[in-house]
Amino acid sequence: MSLADYQQLVADMVRDVGGVLNAAERDRAISLAVQDYGAALPRVLVHDMTWPVAGVFGPVPPHWEDGSAIRCAEYPVGQQPPKLIHVAAFRAPDGWMLETTWHLPLNAIVRLTYTASHAVNAAQDTVPLHHRSPVAMLAASKLCLQLATYYSGQRETVVGADASSTETRAREYAARAKEYRSAYYVGVGLPDPYRSANAAGSAQAAAAVAQWPRRRRHQLTPRSL
């Protein structure tokens, strides 16, 4: 899919009948959803890099950025089983660099497996096909939460039937935001941290109630005749 496909899919999920949201807010929600998804399930890239100088220091591979991480490094390439070497990334004064514990010769080919963020724009979409719908649901959840916040704030400025309608909209959008968020976590196979936190809070509350001291019941004592 392209960015336009995500825009249409999110618009279908979030029916903004009041025209509260604009195009920039929708695109920002999609961008944030892609970022959140990439932080949990980053893109994994493989690149055969030619070591430019003899020694232990080399440049980072293409698409390297803050948050990227080396998964593994293979040298020499093509051995069975694969021969792995230790390669670490560090930030130098003029940018990111790689360092290995091996002294590599000039033009050595090192196969690097590393992570990078996902990209969704008019030219590319790096989100796997089976996760594109969940990512759109996460963006829809963010927009529904914005609408719930908007209508919650409007309750103070309206009265009567309008106030009741506004409060109903706020509740409905909040519930829809929760549903879309849960659907996202189910769709990508990750635990929902919000649900886990709520379950832990409920368990703690139940434990606290169970520890309350019980009141002693008044007992009737038999009267002597």
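Definitions and cut-offs
- Residues numbered from 1 in each chain as written.
- Predicted model: local features only at pLDDT ≥ 70, side-chain atom pairs only at ≥ 80, totals over all residues.
- Heavy atoms only, no water.
- Helix = DSSP H or I, 4+ residues; strand = E, 2+ residues; numbered from the N terminus.
- Buried < 20%, exposed > 50% of the residue type's maximum accessible area, 1.4 Å probe, protein only.
- Contact = heavy atoms within 4.5 Å.
- Core = buried A, V, L, I, M, F, W, Y, C linked by side-chain atoms within 4.5 Å.
- Pairing = 2+ DSSP bridges.
- Axes fitted to C-alpha atoms, helices over the stretch in contact; angles between N-to-C directions.

**Student:** I keep staring at the overall build of the protein and nothing clicks. Help me out?
**Tutor:** When its secondary structure is counted, the protein shows 5 helices and 7 strands. Secondary structure elements of the protein occur, N-terminal to C-terminal, as α-α-β-β-β-β-β-β-β-α-α-α. Looking at the 225 residues of the protein, the share that counts as buried comes to 31%. Taking as baseline every contact in the protein between residues at least 6 positions apart, the subset at least 24 positions apart corresponds to 73%.

**Student:** Hey, could you run me through the nonpolar core in this one?
**Tutor:** Nonpolar side chains in soluble globular proteins tend to end up buried together. By size, the foremost hydrophobic cluster in this structure holds 29 residues, and its most contacted members are Tyr6, Val10, Val14 and Val135. Mapped onto this core, the elements with two or more residues apiece are helix H1 (3-13), helix H2 (23-40), helix H3 (132-154) and helix H4 (160-188). The dominant element in this core, judged by the number of residues it contributes, is H3, at 10 residues. The contacts of Tyr6, once residues within four sequence positions are left out, are Met1, Ile30, Val120, Asp125, Val127, Arg132, Val135 and Ala136. Trp64, Val87, Leu98 and Tyr114 belong to the second largest nonpolar core, which has 15 residues in total.

**Student:** Even after reading the chapter, I still don't get the environment of Ala108, so can you show me in this structure?
**Tutor:** Mapped onto the elements, Ala108 comes out in the loop between strand E6 (95-104) and strand E7 (109-116). Residue Ala108 is classed as buried on the basis of its relative accessible area of 5%. In sequence terms Ala108 and Val77 are 31 residues apart; their C-alpha atoms lie 9.5 Å from each other. Not counting residues up to four positions away in its chain, the partners in contact with Ala108 are Met49, Thr50, Trp51 and Tyr75.

**Student:** Please explain the sheet that holds strand E2 (residues 55-59) as it appears in this structure.
**Tutor:** The pairing of strands in a sheet happens through backbone hydrogen bonds and is either parallel or antiparallel. Taken together, the 3 strands give an open sheet; going across it, the order is E2-E6-E5, and neighbouring strands pair in antiparallel fashion. Lying at the two open borders of the sheet, with one neighbouring strand each, are E2 and strand E5 (87-92). Within the sheet, the average angular offset between the axes of one strand and its neighbour, ignoring direction, is 35°. Bridge analysis of E5 against E6 gives 6 bridges, and the strand direction is antiparallel. Paired with Phe90 across the two strands is Met97, which belongs to E6.

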